[in-house]
Amino acid sequence: MQGTHDSDKRKLLSCLSHGAIFFSTTFLSIGVPIAITFISDDPVVKANAKESINFHFNIWFWGILILIPSLLTFGLLGWVLFPLGYAIHWGLTIWALAHCFTKPDEPFVYPFIFRLL
């Protein structure tokens, strides 16, 4: 997938796609990878943006699944599950960013997520 695309631009756009989750975990942060999908013609950047969008969907899905038992146990289960969820969420995102910096010609694939796109 190397092609004739600019490596620095590829790193920047791929890292922006994955790092957008740090802006917020709301619907606003998914706009960055969606916009990058439309403006970039680089296949690696598009693959990273799609993977980032799928990761956003997974974060929301698992967040809701963690929220439900937390509410049912009056927040007791949330004290364990929410920190664990954030550690996994941030750890996977940092791993994706490190991958984009070290191997810009390969799209990153998050492990253990379901893909809608």
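From a predicted model like this one, the values you see are computed outputs, not experimental measurements.

Conventions adopted
Counting restarts for each chain, with residues numbered from 1 along the sequence as it is written. Reporting of local features is limited, given that this is a predicted model, to residues whose pLDDT is at least 70; pairs of side-chain atoms are given and counted only at 80 or more, and all residues count toward the totals for whole chains, interfaces and linings. Side-chain figures throughout are based on the complete set of non-hydrogen atoms in the structure, without hydrogens or water. Where helices and strands are cited, they refer to DSSP runs of H or I of at least four residues and of E of at least two residues respectively, numbered from the N terminus. By this rule the span expected of a helix is its residue count minus one, scaled by 1.5 Å. Relative accessibility decides the category of a residue: with a 1.4 Å probe and only protein chains considered, values under 20% of the type maximum give buried, values over 50% give exposed, and everything between is partly exposed. The contact criterion used throughout is that any non-hydrogen atoms of two residues lie within 4.5 Å. Throughout this description, a polar contact denotes any pair of N or O atoms lying within 3.5 Å of each other; where both atoms belong to protein, one of them has to be capable of donating a hydrogen while the other can accept it, and for residues adjacent in sequence the pair is counted only when both atoms sit in side chains. All axes are obtained by fitting lines to C-alpha atoms, using only the stretch in contact for helices, and the reported angles, taken between N-to-C directions, cover 0 to 180 degrees. To sort the angles, those under 35 degrees are grouped as roughly parallel, those over 145 as roughly antiparallel, those from 65 to 115 as roughly perpendicular, and the leftovers as oblique. By definition, any crossing whose near helix is turned counterclockwise from its far helix by less than a right angle is left-handed, and any crossing with a clockwise turn is right-handed.

**Student:** What should I look at first to understand helix α4 (residues 78-102) in this one?
**Tutor:** In an α-helix there are 3.6 residues to a turn, and that puts residues three or four apart on one side. In this model α4 runs 35 Å from its N-terminal to its C-terminal C-alpha over 25 residues, within 8% of the 36 Å that 1.5 Å per residue would give. Among the residues of α4, Gly78, His89, Leu92, Thr93, Ala96, Leu97, His99 and Cys100 are the ones counted as buried. Where α4 is buried, its residues touch α1 (7-19) and α3 (43-72).

**Student:** Is there a simple way to think about unusual backbone geometry in this case?
**Tutor:** Excluding glycine, residues mostly have negative phi values, and the peptide bonds linking residues are mostly trans. Phi at Phe74 is positive, roughly 60 degrees, even though this residue is not glycine. With respect to the helices and strands, Phe74 occurs in the loop between α3 and α4. One non-glycine residue, Phe112, lies in the positive phi region at around 60 degrees. Along the chain, Phe112 turns up in the segment after α4.

**Student:** Would you mind showing me how to read α1 here?
**Tutor:** With 13 residues, α1 should cover 18 Å at 1.5 Å per step; its first-to-last C-alpha distance of 18 Å lies within 8% of that length. If you check which residues of α1 are buried, you get Arg10, Leu13, Ser14, Cys15, Ser17, His18 and Gly19. Lining the buried residues of α1 we find α2 (31-39), α3 and α4. You can read the cap of α1 off the contacts: a side-chain oxygen lies 3.4 Å from the backbone nitrogen of Asp8, and it is on Asp6.

**Student:** Quick question: what am I supposed to make of the packing of α2 against α3 here?
**Tutor:** Working note: a packed helix pair is described by the angle between its axes plus the distance between those axes. Running from N to C, α2 and α3 point in directions that differ by 155 degrees, and their axes come no closer than 9 Å. Taken as axis vectors, α2 and α3 run roughly antiparallel relative to one another. In this structure, the crossing between α2 and α3 has a hand that is left-handed. Side by side, α2 and α3 meet where Pro33, Ile34, Ile36 and Thr37 of the first sit next to Val45, Lys46, Ala49, Lys50, Ser52, Ile53 and His56 of the second.

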